[in-house]
Amino acid sequence: MTDTVMTDVPDISVDWYHDIVDFADATPPPVHWFATHFTEGAVLLLGVLLVLAAATRLLGGDIWGRALALAAPVSVLLAYGGSEGLKDLVAEDRPCRSPADLVIVAAHCPPTGDWSFPSNHATIAGALAAATLLLHRRIGLVAAPLALLAALSRTFIGVHYPHDVAAGLLLGVLVGALVTPLAARPVAEALRWQVRRAARLAISPVPPR
């Protein structure tokens, strides 16, 4: 017998989940294939967009811009860590593990113990999009809808309730938007110290022995 922890799931989220997975199941097999691969690939693409946005700040930005670029990955990691902590705390079972919800687009349902609330994918997507938007507005405007689609795809393939992805996306956006500038402050101070030190060495070079 499988050991699971049951938690109360909002009725409206269950109803939306059923509507979405029923619609997904009725779509053609190529859509199933695309959705299954998109849910993973979108997060990778968001990572590429963050790297591109960070590169613009590292190569041509001021000290604060470079500090933001260096701090952005920290916020993404913290968002992921927060989502993992909440998963263990809430311990909400996956909807696809319920006997009433056996029809899913995903190839398989995550195993017991890989809890549903909040969605890690949605959290990471939200954090990546928020950090990207802080670094580069135009690239961020591409990342934002992509993050939303990445989050929604987790319900479309049947592995998360809608409230799982909504909470994950919100968590990621908040951590990405708030932690990135906070973490950038000490980084900016360190960069300024390096600039001042380099300037002092340039003015007062060490005399030859």
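Preceding this paragraph is the structure being described.
Remember, it's a predicted structure, so these values are computed and weren't measured experimentally. (Residues numbered from 1 in each chain as written. Predicted model: local features only at pLDDT ≥ 70, side-chain atom pairs only at ≥ 80, totals over all residues. Heavy atoms only, no water.)

1. Examining the overall build of the protein chain
The helix and strand inventory of the protein chain stands at 6 helices and 0 strands. N-terminal to C-terminal, the α/β element order of the protein chain is α-α-α-α-α-α. Scored against the burial criterion, the 209 residues of the protein chain give a buried share of 43%. When contacts within the protein chain are restricted to residue pairs at least 6 apart in sequence, those whose partners lie at least 24 apart make up 82%. Split by element, the accessible area of the protein chain, about 11,500 Å² in all, is 69% carbon and sulfur. (Helix = DSSP H or I, 4+ residues; strand = E, 2+ residues; numbered from the N terminus. Buried < 20%, exposed > 50% of the residue type's maximum accessible area, 1.4 Å probe, protein only. Contact = heavy atoms within 4.5 Å. Areas by Shrake-Rupley, 256 points an atom, 1.4 Å probe, with all protein chains shown as cover.)

2. Side note on the environment of D114
Within the fold, D114 resides in the loop between α3 (63–90) and α4 (120–135). Counting along the chain gives 21 residues from D114 to D93, while the straight-line C-alpha distance between them is 7.9 Å. In this view, D114 contacts K87 and R94; residues no more than four positions away in its chain are not counted.

3. So, helix α1 (residues 11–25)
Between its terminal C-alpha atoms α1 stretches 21 Å, which fits the 21 Å expected from 15 residues at 1.5 Å a residue. Among the residues making up α1, those that are buried are S13, V14, Y17, V21 and A24. In an axial view of α1, the angular spread of the buried residues amounts to 95 degrees, which keeps them on one side of the axis. With respect to the buried face of α1, the exposed residues turned more than 90 degrees away are D11, D19, D22 and F23. (Expected span 1.5 Å × (residues − 1). Arc of directions from axis to C-beta.)

4. A closer look at the packing of α3 against α4
At their nearest, the axes of α3 and α4 sit 9 Å apart, and the two run at 160 degrees to each other. Taken together, α3 and α4 sit at an angle that is classed as roughly antiparallel. Considering the relative orientation of α3 and α4, their crossing is right-handed. The segment α3 lies against α4, with G65, L68, A69, A72, S75, V76, A79, Y80, S83, E84 and K87 engaging N120, T123, I124, A127, L128, A131, L134 and L135. Classifying every residue of the contact of α3 with α4 by side-chain character gives 12 nonpolar, 5 polar and 2 charged. (Axes fitted to C-alpha atoms, helices over the stretch in contact; angles between N-to-C directions. Parallel < 35°, antiparallel > 145°, perpendicular 65-115°, else oblique. Left-handed = near helix turned anticlockwise from the far one by under 90°. Nonpolar A, V, L, I, M, F, W, Y, C, P; charged D, E, K, R; others polar.)

5. A word on a nonpolar patch on the surface
A grouping of L45, V48 and L52 is seen on the molecular surface, where their side chains present a nonpolar patch of about 250 Å² in accessible area. Counting through the fold element by element, L52 comes out in helix α2 (residues 29–60). A relative accessible area of 46% means that L52 is categorised as partly exposed. (Patch = residues over 30% accessible without salt bridge, like charges linked within 9 Å, V, L, I, M, F, W, Y side chains within 5 Å. Salt bridge = Lys/Arg side-chain N within 4 Å of Asp/Glu carboxyl O.)

6. Points about unusual backbone geometry
At the junction of F117 and P118, the peptide bond is cis and its omega measures out at -10 degrees in the coordinates. Position of P118 relative to the elements: it lies in the loop between α3 and α4. Even without being a glycine, A91 presents a positive backbone phi close to 55 degrees.

7. Observations regarding the side chain of T39
In this fold, T39 is placed in helix α2. By relative accessible area, T39 is classed as buried at 1%. Here S153 takes part through its side chain, which lies 3.0 Å from a polar atom of the side chain of T39. (Polar contact = N/O pair within 3.5 Å; in protein donor to acceptor, adjacent residues only side chain to side chain.)

8. A look at the environment of V31
Inspection of the secondary structure puts V31 in helix α2. Along the primary structure V31 and V105 are separated by 74 residues, whereas in three dimensions their C-alpha atoms are 9.2 Å apart.

9. A word on the environment of P162
Position of P162 among the secondary structure elements: in helix α6 (residues 162–203). Placed 142 residues apart in sequence, P162 and I20 show a C-alpha to C-alpha distance of 9.2 Å. When neighbours within four sequence positions are excluded, P162 is seen to be in contact with S13, W16, Y17, I20 and T155.

10. As for the nonpolar core
Soluble globular proteins: nonpolar side chains tend toward being buried together. Within the largest apolar cluster, 37 residues are counted, with the highest numbers of intra-cluster contacts made by L46, L50, L128 and L135. Broken down by secondary-structure element, the contributors of at least two residues to this core are α2, α3, α4, α5 (137–156) and α6. With sequence-adjacent residues up to four places away left out, L135 is seen in contact with L50, A53, A54, R57, G65, L68, A69 and A72. (Core = buried A, V, L, I, M, F, W, Y, C linked by side-chain atoms within 4.5 Å.)

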